[in-house]
Amino acid sequence: MAAIDSHKKAKALKPTSRRPAKELCSECGLCDTHYIHYVKDACAFLTQHIAELEEETHDRSRNLDSEDEWYFGVHQSMTAARKTEPIAGAQWTGIVSSIAIEMLNRGMVEGVVCVQNTEEDRFQPKPIIARTPEEILAARVNKPTLSPNLSVLEQIEQSGMKRLLVIGVGCQIQALRTVEKQLGLEKLYVLGTPCVDNVTRAGLQKFLDTTSRSPSTVVSYEFMQDFRVHFKHEDGSTETVPFFGLKTNQLKDVFAPSCMSCFDYVNSLADLVVGYMGAPFGWQWLVVRNDRGQEMLDLMQDQIETKPVMSQGDRKEAVQQSIPAYDKGVTLPMWAAKLMGVVIERIGPKGLEYARFSIDSHFTRNYLYVKRNYPEKLEAHVPEYAKRIVSQYKLPEK
Ligand code: FAD
Ligand code: SF4
Ligand code: SF4
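Report on the accompanying structure. This structure is a prediction, so every number in the text was calculated from the model and none was measured.

### Remarks on the site of ligand 1
At step 1: Neighbouring ligand 1 are 33 residues; Trp92, Ser97, Lys143, Glu222 and Tyr276 lie closest to it.
At step 2: With respect to ligand 1, the backbone of Lys143 contributes an N or O atom lying 2.8 Å from a nitrogen atom.
At step 3: Between ligand 1 and Met277 there is a distance of 2.9 Å, counted from an oxygen atom to a backbone nitrogen or oxygen.
At step 4: In the complex, the protein chains occlude 97% of the 920 Å² of accessible area that ligand 1 would expose alone.
At step 5: Of all the secondary structure elements, the ones that give two or more residues to the shell around ligand 1 are helix H4 (95-105), strand E2 (111-117) and strand E9 (272-275).
At step 6: With three residues, H4 is the single largest residue contributor to the shell around ligand 1.
At step 7: Tallied by class, the residues present in the shell around ligand 1 amount to 17 nonpolar, 13 polar and three charged.

Structure below.
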């Protein structure tokens, strides 16, 4: 793998003239295709219509009387799972790659939209339509940067494919669902991951340089349920940094404006969501939204062990205290951050309560961001479920 700082040669972002969402664009790739024609309705940052798309996709919108649904979206079931034989080099245990491979091998789909990396830079995304298990495996592990996954949409049409699996994050899937009927497919499956705090390639470099002891050898990282960032390095070692020790003052502007304005953390419009944040440490979190999602999960039964999801602790006080701390860019000295991490890991929220902690912290922060920077968008852009979540907390007036 070539040196990481070759990201400097990476393609510059496309001119905003081809990006109607301008600085809010998350580079989902739609505008690289002739489907740009539908951008006004499809772009997650121009028209928020998650409830309507939920009805079209899952036959109903989320039940706002159920706390689990306003947090985690329409679902039939939630489970914790892990592969009994994990895929080496996957982000977690490789459930996403395994489902995709199984679907291809069984002929359920003819191709899989996923994202590999460029030869020069392990973190520079290269979306592809995979047609072999090897190509799917080569796309394993997160490219923790904005990725134009939908830029391959025209190739689907040209290839004549009729059955497709798309793997992607919330903003990509909202645009995909809006143009789904135009793609000429007989069957579309969508396998989503949760997503939050994404960055441009330059932003990623700043995060690595500010946070890791060896930025050039990082192969992947994750903000884990034990309140630490875990960096995996080329030599197989793991470095952990407590959340509370992050240099918040320097990192405040590192996240892309799209991601500071995003309220689809849990990928509401996927058929099946595979993440980790609602599961105990070391396990993956599976949310089946509809029958297609269950069909995909059924393929894994002899490859995974499962256990019920659990919930423990009370997040609310910790979230309330984090709001002004984040706003003021407070950074704790490392000894205090480590101590705080140990205490909160022992008594803090776990399982689904950890997921709610993460959703609450991000939605309150993002709500303030939109209110301050795009006040004219606030009312229409923030979905009802997110308004309900934010209203549980006291936010600064301005
Ligand atoms: P693998 O088998 O390793 O497969 C990973 C798949 O992700 C690949 O198929 C690849 O095509 C796809 N992918 C990689 N990068 C991107 C990208 N930039 N855009 C779209 N697709 C991509 N889960 C949580 O529970 N909480 C979070 O806060 C959270 N944040 C995330 C942020 C990002 C940017 C991404 C991409 C994922 C995030 N996830 C989060 C999901 C989680 O990190 C794992 O990806 C998921 O659990 C699947 O693990 P796996 O081992 O099964 O995946
Ligand atoms: Fe176009 Fe996607 Fe950017 Fe919206 S987020 S402007 S649809 S590329
Ligand atoms: Fe898209 Fe939201 Fe992820 Fe940003 S945080 S890449 S806007 S899904």
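Having put the structure on the table, let's press on.
### Some words on the environment of Arg289
At step 1: Counting through the fold element by element, Arg289 comes out in the loop between strand E10 (284-288) and helix H11 (291-298).
At step 2: A residue is classified by how much of its surface remains accessible, and Arg289, at 2% relative accessible area, is buried.
At step 3: Taking the C-alpha atoms as reference, Arg289 lies 9.0 Å from Met78; in sequence the two are 211 residues apart.
At step 4: Side-chain polar atoms of Arg289 contact the backbone oxygen of Phe72, separated by 2.8 Å.

### Overview of the side chain of Ser220
At step 1: Mapped onto the elements, Ser220 comes out in strand E6 (residues 218-223).
At step 2: Here Ser220 falls in the buried class, since its relative accessible area comes to 6%.
At step 3: Contacts of Ser220, omitting those with residues within four sequence positions, involve Gln91, Phe123, Val141, His230, Phe231 and Lys232.

### Some points on the site of ligand 3
At step 1: By nearness alone, every residue bordering ligand 3 is listed as Phe45, Leu146, Gly170, Cys171, Cys195, Val196, Asn198, Ser258, Cys259 and Cys262.
At step 2: Using a 2 Å cut-off from the grid points, one finds that ligand 3 occupies the largest cavity.
At step 3: Every element with two or more residues in the shell around ligand 3 is listed here: helix H7 (170-179) and helix H10 (257-260).
At step 4: Taken together, the residues that form the shell around ligand 3 break down as seven nonpolar, three polar and no charged.

### So, the packing of helix H2 (residues 50-58) against H7
Helix-helix packing is characterised by the crossing angle of the two axes and by the distance between the axes.
At step 1: At a minimum axis separation of 11 Å, H2 and H7 run at an interaxial angle of 60°. Classed by the angle they form, the pair H2 and H7 counts as oblique. Here H2 and H7 pass one another in a crossing that is left-handed. Mapping the contact onto sequence places Ile50, Leu53 and Thr57 in H2 and Gln174, Arg177 and Thr178 in H7.
At step 2: Grouping the constituent residues of the contact of H2 with H7 by class yields two nonpolar, three polar and one charged.

### As for the packing of aromatic side chains
At step 1: Under the counting rule described, the total for this entry stands at 17 aromatic pairs.
At step 2: Here the aromatic rings of Phe207 and Tyr221 are separated by 5.1 Å at their centres, their planes lie at 45°, and the arrangement is tilted. Taken as a pair, Phe207 in helix H8 (residues 201-211) and Tyr221 in strand E6 lie far apart in primary sequence, 14 residues in all.
At step 3: Residue classification places Phe207 among the buried positions, given a relative accessible area of 4%.
At step 4: An angle of 50° between the planes, with centres 5.6 Å apart, marks the rings of Phe223 and Phe243 as tilted. Linking Phe223 in strand E6 with Phe243 in the loop between strand E8 (238-242) and helix H9 (248-251), this pair joins segments that are 20 residues apart in sequence.
At step 5: Here a set of aromatic residues connected by ring pairs shows up, and it is made of Phe207, Tyr221, Phe223, Phe227, Phe231, Phe243, Tyr354 and Phe357.

### Focus: H7
At step 1: For H7, the tally of buried residues reaches nine of ten residues, placing the bulk of the element in the interior.
At step 2: For H7, the set of buried residues is Gly170, Cys171, Gln172, Ile173, Gln174, Ala175, Leu176, Arg177 and Val179.
At step 3: Contacts from the buried residues of H7 go to helix H1 (39-42), H2, helix H6 (153-159), strand E4 (163-168), strand E5 (187-192) and H11.

### Some points on the pairing of strand E7 (residues 228-233)
At step 1: Within E7, five of the six residues are buried, which leaves the element mostly enclosed by the surrounding structure.
At step 2: Connecting E6 to the next strand, E7, in antiparallel fashion are four residues, including Phe227 with a positive phi near 65°.
At step 3: Note that E7 and E8 share five bridges and pair antiparallel. Its bridge partner lying in E8, Arg228 is registered against Pro242.
At step 4: The turn linking E7 back onto E8 is made up of four residues, and Gly236 within it adopts a positive phi angle of 90°.

### Let's talk about unusual backbone geometry
At step 1: If you check the backbone angles, Glu27 has positive phi at about 55° while not being a glycine.
At step 2: One can find Glu27 in the segment before H1.
At step 3: Positive phi is not limited to glycine here, since Asp59 has a value of about 70°.
At step 4: Among the secondary structure elements, Asp59 is positioned in the loop between H2 and helix H3 (67-72).

About the thresholds
- Residues numbered from 1 in each chain as written.
- Chains lettered and ligands numbered in written order.
- Predicted model: local features only at pLDDT ≥ 70, side-chain atom pairs only at ≥ 80, totals over all residues.
- Heavy atoms only, no water.
- Near = heavy atom within 4 Å.
- Polar contact = N/O pair within 3.5 Å; in protein donor to acceptor, adjacent residues only side chain to side chain.
- Areas by Shrake-Rupley, 256 points an atom, 1.4 Å probe, with all protein chains shown as cover.
- Helix = DSSP H or I, 4+ residues; strand = E, 2+ residues; numbered from the N terminus.
- Nonpolar A, V, L, I, M, F, W, Y, C, P; charged D, E, K, R; others polar.
- Buried < 20%, exposed > 50% of the residue type's maximum accessible area, 1.4 Å probe, protein only.
- Contact = heavy atoms within 4.5 Å.
- 1 Å grid on protein atoms, 1.4 Å probe; cavity = no way out; pocket = protein on both sides within 12 Å on 5 of 7 lines; lining within 4 Å.
- Sits in = over half its atoms within 2 Å of the grid points.
- Axes fitted to C-alpha atoms, helices over the stretch in contact; angles between N-to-C directions.
- Parallel < 35°, antiparallel > 145°, perpendicular 65-115°, else oblique.
- Left-handed = near helix turned anticlockwise from the far one by under 90°.
- Phe/Tyr/Trp six-rings, centres within 6.5 Å; stacked < 30°, edge-to-face > 60°.
- Pairing = 2+ DSSP bridges.

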